[in-house]
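Listed below are the residues making up each chain.
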Amino acid sequence: MIIFILKAFLFISFVTVKATANETIEIGAIIDINSRIGKEQKTAIDIAVENYNHDSRNNKQLITVHFRNTSKDTIQIFFTAEELVEQNHVKMIVSGMQTWEETALVADIGKRHQVPVISSVTASYTPEFVQLKWPFLVQMTSSSLDQINCTASIVSSYQWRKVIVIYEDDMYSDSSMLAVLTETLRNHGTEIEHQLILPQLSSLSDPREVVRREVVKLLRKQSRVFIILRASISTAIHLFKEAKEIGLMGRDSAWILADLLDSADTPFISSIQGALGIKNHYAEETKSFQDFKGQFQKIFQSDYPTEDHSEPGIHALKAYDSIAAFTKAVNTLGPKSFNDSVLLKNRILSSNFTGLSGHVSFVNGALSHPPTFRIVNVDGNRYKGLGFWSSKFGFSEVLEAENGERIGVNGSPTMKSSMVKWPGELKRVPKGWVMPTDSKPLIIGVPGRTSFEKFVKVETVAETNEKKYSGFCIDLFKEVLKILEQNYSLPYEFEPYNGSYPDLVQQVINGSYDAIVGDMTVLAERAKYVEFTQPFAESGLSMVVPVKFDRSQKALMFLKPFTANMWIATGAVLVYTMIVVWFMEHQSNPEFRGRWKDQLGTAMWFTFSSLFFAHRETIKSNYTKIVVIVWLFLVFVLTSSYTASLTSMLTVPRLEPSVKDIGWIRRTNATVGCDGDSFVKDYLRQVLELQNIKNISNQEDYPKELESGSIKAAFLEIPYRKVVFREHCNQYVVAGPSYRFGGLAFVFQKGSPLARDVSEAILTLTQDGTLKRLEEHWFALSRNCDNVDPADETESLTLGSFWGLYLVSGATSTVCLLFYVYSLFRKSPQLSGTYHDNIVHPSTDQSFRTKTAGIIQYNQNDKPSVSLRRVTSARAAGLGVDARGHSRKWHLVSPSDAAQIFDGSSQDTQLAIEMGNSRSE
């Protein structure tokens, strides 16, 4: 006991001496000591001050902290801060309040007395504006823009198209934060359906009633995705309590807490099961954090034994880093300069170190380093981590350190949802929309007054007075339901609407109907206010007119079956064939001899007459016969094709439109018909500038009006036009261009997730052939129709279909010509003018030039060459020669016969006397 008393006396003496020897620096801290956050902040500040005071390197100054507890009265905080400055002469204030209004009041005191104020509350203003208005405020937090981008990315990941934003208002709040969120969500394809702005609860006498009255308004909204952008814990507690009682936290609802979970306690967490939250991420593996954590848990458990857990949170880390930034600034200034508040503030803002909460450096009075957020899911009394998000990498499941910086791994613009526990124990991603139930089914509007009942038809059953719905669109919707029911049920009720189609769309916009099932055309103006599904039919506006018999035949109609290239190619092959036939026949065939003009006329006549198989000239050469056979086959194919094409073309011109184009309609102010209940009437007036328009209310009235001449043309969308053509084929044609639109589709309320699901189902039905079978069932071709669409004209035949035949014919002619020329080369001694010399003085060697000259001389002779020959032995029987080889008579022979006689294969001596141009006896 004596030793213990002696040690205590010595310690007290040492501390007293040190306190008197060193100068003391006074700082203030305003916190809510009754809250979990306030308790963490106080413990962290005590640890930071104690570590500084017991550091031997900081023996010149000691820090003393004056703690003040916040009051429910916001104005009282103002006087508390002023008391710390004026009475306690503090050099810096740590603001531990959780609302921007309270922080702004303390910042006003700091500005007035030029005392730095460090706060961890994110301002609703931009950092530049905060620095301008409160120059002595140091924000131990970054811009709220990162938090907004993270929230929008979560919404985009789950493809929610409409959200409700909940926002707590106060006297210092700024609408710019809400405006930034609105714009960011719009960039992700999401709209804010409603903004629920709650007043500050401290200003209300009955906060529960006020919150309940505001929350009940959300029941009338379609969206079930709620974003709490900014609210205090006390406001959030009332909000979730009322929302749970009225059923806003059930299945297919989603809650995103942007700025609450870092300051939430256990009772609050248990009331927000299934919610998604955003928490500031900090590194827990560093030695500095582990040392701090050990100190924190020891002191926290000792001071607050009733708390559930003793883990330090982000607010404790930021409070510690606030003291660290202050002490580092004091150490750099020294004992003579830290009283200069402006210089002290500037040194704090020039901090650059790695603290427990992350990297600490400032730009415009706020942290410059972009934060990394941890996405969590509330499950029971704890948080379940889903991954991380940063402005640089997007979503990632894990983090790695690179040069001291935490970075994302396998960053992605979307986050995975398989690990999420959603409200109501939902196994799939919530639709975020008011889903239909048996007690509150989906109300679907159906066009009750339609011109084409094959798409939608509403009948009243006389016995029961019930409505019967049928048609292509109704059957398609039922097929869609079969696919949707694999994931969830969709109770619905049809309600007929007897107004116009634009009015029916308006009923969805104002919420009277949840959807429309019918032949609704996708238009840009409508898409601004409603959600269209994937189109199930093409759409476009066409002018349909009756056909008329055209008795006037065009003078050049006979040329139309073939294209210009086809005619040129046919003529080229014909001329080439004519030349080849003449070359191989004009010497050996007497029918191809004579004067040049006679030879040309005969060759042309033979080739042209072969087109009609009327040629009578005989062919001598086998090579020529091969050429003619191929040519005749080509002629057969061409004439057959030409005849069929011309016959078709002479039939099609009978279906000429009675009105050529829309210009004639404008000039004559002719009457046209359309469905007056659709958008077509307005389109004709406003876009096509037609004035004389007649409403046609029934499909069967169109043929009657056109045949009677009451209307000159009918304007129909493509699906309706096909119906008319299938039932009245070869009676109407399309005149003029078609004006395209977005197609026919179903309609849902703007942002409805059902539209996306129905679109996927329609694509499935398209791919598996169900949609095609429905079309064939409802729009079958009439039995009296051979042609569905008489607007399609017979096209001219092109060279692409016949180039193979042309190639075969030309190649055959060329090959035969080459073989013929080759045979002439071999027989050239009998064809040249040197025949006589060669007979007297036979020679086996002849030059190519000599042979060519002989062939040319042979082909230039337009008269028959007569050879006098004497035939021996083997030929005697056929030519009247005696057995001894002496001719009894001279015979006139043609050059072809002479070529046979002078064939080198004969073993007998052959004599020939060329007669030149002499005539036969």
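1. With respect to the overall build of the chain
Helix and strand counts for the chain stand at 30 helices and 34 strands. In the chain, buried positions account for 50% of the 921 residues. Within the chain, residue pairs in contact and separated by at least 24 positions form 72% of the contacts whose partners lie at least 6 positions apart. For the chain, the exposed area adds up to about 45,500 Å²; of that, 53% sits on carbon and sulfur atoms.

2. Quick notes on the confidence of the model for the chain
In the predicted model, the chain carries a mean pLDDT of 79, and 77% of its residues have values of at least 70. With pLDDT under 50 throughout, residues 832-845 is counted as low confidence; its partners more than four residues away or in other chains account for 13 contacts. Overall, residues 862-921 carries pLDDT values under 50, and its contacts beyond four positions in sequence, including any with other chains, amount to 81 contacts.

3. Notes on the environment of P199
Checked against the element boundaries, P199 lands in the loop between β7 (191-198) and α8 (207-216). Taking the C-alpha atoms as reference points, P199 and D169, 30 residues apart in sequence, are found 5.2 Å from one another.

4. Quick notes on the environment of L716
Structurally, L716 is set in strand β29 (residues 713-717). A relative accessible area of 3% means that L716 is categorised as buried. Sequence-wise, L716 and D675 are 41 residues apart; in three dimensions their C-alpha atoms are separated by 8.0 Å.

5. Section: the packing of helix α11 (residues 287-303) against helix α12 (residues 314-333)
Taken N-terminus to C-terminus, the directions of α11 and α12 make an angle of 105°; their axes are 12 Å apart at the nearest point. Comparing their axes, α12 and α11 come out roughly perpendicular. Residue-level contacts link F289, F292 and F296 of α11 to A316, L317 and Y320 of α12. Taken together, the residues of the contact of α11 with α12 break down into 6 nonpolar, no polar and no charged.

6. Remarks on the nonpolar core
The biggest cluster of nonpolar side chains holds 48 residues, and the ones touching the most others in it are F452, F455, F472, F494, F536, F746 and F748. Considering each element in turn, this core owes the most residues, 8 residues, to helix α14 (residues 472-484). Excluding anything up to four places from it in sequence, F536 contacts F472, C473, L476, G518, L744, A745, F746, I762, L771 and E775. Formed by 42 residues, the second largest nonpolar core is a distinct cluster that contains A316, I323, A324 and A325.

7. Thoughts on the pattern of salt bridges
Tallied over the full model, the rule gives 27 salt bridges. Between E83 and R68 there is a salt bridge, with the nearest N and O atoms lying 3.9 Å from each other. Separated by 15 residues along the polypeptide, E83 in helix α3 (residues 74-86) and R68 in strand β2 (residues 61-69) bring together distant segments of the chain. The closest approach of N and O atoms between E538 and K722, which form a salt bridge, is 2.9 Å. Of this pair, E538 sits in the loop between β24 (530-532) and β25 (540-548) while K722 sits in helix α23 (residues 718-727), and the two are 184 residues apart along the sequence.

8. Some words on the side chain of S470
Along the chain, S470 turns up in strand β21 (residues 467-470). For S470, a relative accessible area of 16% translates into the label buried. The residues contacting S470, other than those within four sequence positions of it, are F455, V456 and K457.

9. Observations regarding the sheet that holds strand β15 (residues 382-390)
Ordered by their spatial adjacency, 8 strands build an open sheet running β7-β6-β8-β9-β10-β14-β15-β16, and the pairing between neighbours is mixed. One side of each edge strand has no neighbouring strand; the edge strands of this open sheet are β7 and β16 (394-396). Strand-to-strand, the axes of this sheet are offset by a mean angle of 30°, without reference to chain direction.

10. Details of the sheet that holds strand β22 (residues 492-497)
Read from one edge of the open sheet, 5 strands run β22-β19-β23-β31-β24, paired in mixed fashion. Every interior strand has two partners, whereas the edge strands, β22 and β24, have only one. Going from strand to strand, the sheet's axes swing by 35° on average, the running direction of each strand aside. Relative to strand β31 (residues 744-749), helix α24 (residues 753-767) is tilted by about 155°, and along the sheet it contacts β19 (442-447), β24 and β31.

11. Describing helix α22 (residues 701-708)
When α22 is considered as a whole, its buried residues turn out to be Y702, P703, E705 and L706. Taken around the axis of α22, the buried residues stretch over an arc of 165°, which confines them to a single face. Exposed positions of α22 whose direction lies more than 90 degrees from the buried face are K704, E707 and S708. At the C-terminal side of α22, G709 shows a positive phi close to 85°.

12. Regarding empty space enclosed by the protein
Here the idea is plain: a probe the size of a water molecule rolls over the atoms and shows the empty space left. Evaluation of the coordinates by the stated rule reveals 5 cavities of 30 Å³ or more. Here the largest cavity is characterised by a volume of approximately 120 Å³. Around the largest cavity, the lining is made up of 16 residues, and of these D675, S678, V680, E717 and Y720 lie nearest the centre. Contributions of two or more residues to the lining of the largest cavity are made by β23 (515-521) and β29. Reported here for the second largest cavity is a volume of approximately 60 Å³. As for the second largest cavity, its lining consists of I31, Q41, V94, S95, G96, I118, S119, S120, H315, K318, A319 and S322. For the lining of the second largest cavity, the secondary-structure elements that each account for two or more residues are β3 (93-95), β4 (117-119) and α12.

13. As for the packing of aromatic side chains
Using the criterion set out here, one finds 32 aromatic pairs in the structure. When the centroid spacing of 5.1 Å and the interplanar angle of 85° are considered together, the rings of Y158 and W422 count as edge-to-face. Of this pair, Y158 sits in the loop between α6 (144-157) and β6 (162-168) while W422 is found in the loop between β18 (405-408) and β19, placing the two residues 264 residues apart along the sequence. We note that Y158, like W422, is buried. Through pairs of rings, three or more aromatic residues link up here, namely F452, F455, Y469, F472, F477, Y492, F494, F536, Y702, Y720, F746 and F779. In this structure, K328 packs its charged tip against the face of F353, placed 5.1 Å from the ring centre. Seen from the ring of F136, K345 lies directly overhead, with NZ or CZ sitting 5.1 Å from the centre.

14. Section: the pairing of strand β8 (residues 225-230)
In the case of a regular strand, side chains alternate between the two sheet surfaces. Here β8 lies mainly inside the structure; 6 of its 6 residues are buried. Examined bridge by bridge, β8 and strand β9 (residues 254-257) share 4 bridges and lie parallel to one another. Pairing of I228 across the sheet is with L257, part of β9. Between the parallel pair β8 and β9, the chain is carried across by helix α9 (residues 233-245), and the sense of this crossover is right-handed.

15. Some points on the side chain of S153
Following the sequence through the fold, S153 ends up in helix α6. Of the polar contacts made by the side chain of S153, one reaches the backbone oxygen of N149; its length is 2.9 Å. The residues contacting S153, other than those within four sequence positions of it, are H188, W389 and F395.

Reading the values: rules and limits
Residues numbered from 1 in each chain as written. Predicted model: local features only at pLDDT ≥ 70, side-chain atom pairs only at ≥ 80, totals over all residues. Heavy atoms only, no water. Helix = DSSP H or I, 4+ residues; strand = E, 2+ residues; numbered from the N terminus. Buried < 20%, exposed > 50% of the residue type's maximum accessible area, 1.4 Å probe, protein only. Contact = heavy atoms within 4.5 Å. Areas by Shrake-Rupley, 256 points an atom, 1.4 Å probe, with all protein chains shown as cover. pLDDT = per-residue confidence, 0-100. Axes fitted to C-alpha atoms, helices over the stretch in contact; angles between N-to-C directions. Parallel < 35°, antiparallel > 145°, perpendicular 65-115°, else oblique. Nonpolar A, V, L, I, M, F, W, Y, C, P; charged D, E, K, R; others polar. Core = buried A, V, L, I, M, F, W, Y, C linked by side-chain atoms within 4.5 Å. Salt bridge = Lys/Arg side-chain N within 4 Å of Asp/Glu carboxyl O. Pairing = 2+ DSSP bridges. Arc of directions from axis to C-beta. 1 Å grid on protein atoms, 1.4 Å probe; cavity = no way out; pocket = protein on both sides within 12 Å on 5 of 7 lines; lining within 4 Å. Points joined across faces, edges and corners; volume = space filled by probe spheres on them. Phe/Tyr/Trp six-rings, centres within 6.5 Å; stacked < 30°, edge-to-face > 60°. Lys NZ or Arg CZ within 6 Å of the ring centre and 35° of its normal. Right-handed = clockwise from strand over helix to strand, strands pointing away. Polar contact = N/O pair within 3.5 Å; in protein donor to acceptor, adjacent residues only side chain to side chain.

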